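Inside the fold
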Amino acid sequence: MLAMGLKVTYSGKNKSRGLFAMTILSSIAATATQLYWDIVMDWGLLRRGSKNPWLRDSLILSEYKYVYYTCMVLNLILRLAWLQSVARWELGNLNHHMTEFIFAGLEIMRRGMWNFFR
């Protein structure tokens, strides 16, 4: 909530460097916490004592363990998509509105992965 409050404040008229730094730092802390929660608590992965290294004992795709590792990395990348809302990158001819639309679609895909592992 703190990260979102700072992001909303920064996206308004107050664009100070200190506020930008606080927004980035609080967002990084929130992202790290959310990433841990996704992978360990929700997906049940990264279990040290599991018969499947760094996964869980019961796997739907037991023959394709690389899928789980790939999805953990992909989840990290998609969790970092919030940077677009702060940095407002323009990719080629796409303005920030279009890139936000694209990242919103990627967030839907990330949540779909969550449903698969759940």
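Residue positions are given per chain, counted from 1 along the sequence in the order it is written. Local features in this predicted model are restricted to residues whose pLDDT is 70 or higher, and side-chain atom pairs enter the listing and the counts only when it is 80 or higher, whereas totals over whole chains, interfaces and linings include all residues. Just so you know, side-chain values use all the structure's heavy atoms and leave hydrogens and water out.

**Structural notes on the overall build of the protein chain**
Looking only at helices and strands, one finds 5 helices and 0 strands in the protein chain. Labels follow the DSSP assignment, with helices taken as runs of H or I lasting at least four residues and strands as runs of E lasting at least two, numbered in each case from the N terminus. When the helices and strands of the protein chain are placed in sequence order, the string is α-α-α-α-α. Looking at the protein chain as a whole, 32% of its 118 residues qualify as buried. A sequence separation of at least 24 residues applies to 45% of the contacts in the protein chain between residues at least 6 apart. Of the roughly 8,100 Å² of accessible surface on the protein chain, 66% is carried by carbon and sulfur atoms. Using a 1.4 Å probe on the protein chains alone, a residue whose accessible area is under 20% of its type maximum counts as buried, one over 50% counts as exposed, and one in between counts as partly exposed. Throughout, a residue-residue contact means that at least one pair of heavy atoms, one from each residue, lies within 4.5 Å. Reported accessibility uses the Shrake-Rupley method at a 1.4 Å probe radius. Residues are deemed covered only where the shown protein chains occlude them.

**Section: the nonpolar core**
Counting 11 residues, the largest nonpolar core consists of Leu35, Ile39, Trp43, Leu45, Leu55, Leu59, Tyr68, Cys71, Met72, Met113 and Phe117. For this core, the secondary structure elements donating two or more residues are α2 (17-42), α3 (65-79) and α5 (96-117). Residues belong to one nonpolar core when they are buried, are Ala, Val, Leu, Ile, Met, Phe, Trp, Tyr or Cys, and are joined through side-chain atoms within 4.5 Å.

**Observations concerning the pattern of salt bridges**
By salt bridge we mean one thing: a side-chain nitrogen of Lys or Arg within 4 Å of a carboxyl oxygen of Asp or Glu. Enumeration over the complete set of coordinates arrives at 4 salt bridges. One salt bridge in this structure joins Arg79 and Asp38, with 2.9 Å as the shortest N-O distance. You can see Arg79 sitting in helix α3 and its partner Asp38 sitting in helix α2, a full 41 residues away along the chain. There is no split in this pair, since Arg79 and Asp38 are both buried. Arg110 is the salt-bridge partner of Asp38, the closest N and O atoms lying 3.0 Å from each other.

**As for unusual backbone geometry**
Leave glycine aside and you will find that most residues have negative phi; peptide bonds, for their part, are mostly trans. We note that Leu46 has phi near 60 degrees; this positive angle belongs to a residue other than glycine. Note on placement: Leu46 falls in the loop between α2 and α3. Given the relative accessible area of 34%, Leu46 is considered partly exposed. The backbone of Trp54 sits at a positive phi, close to 65 degrees, despite the residue not being glycine. By the element assignment, Trp54 lies in the loop between α2 and α3.

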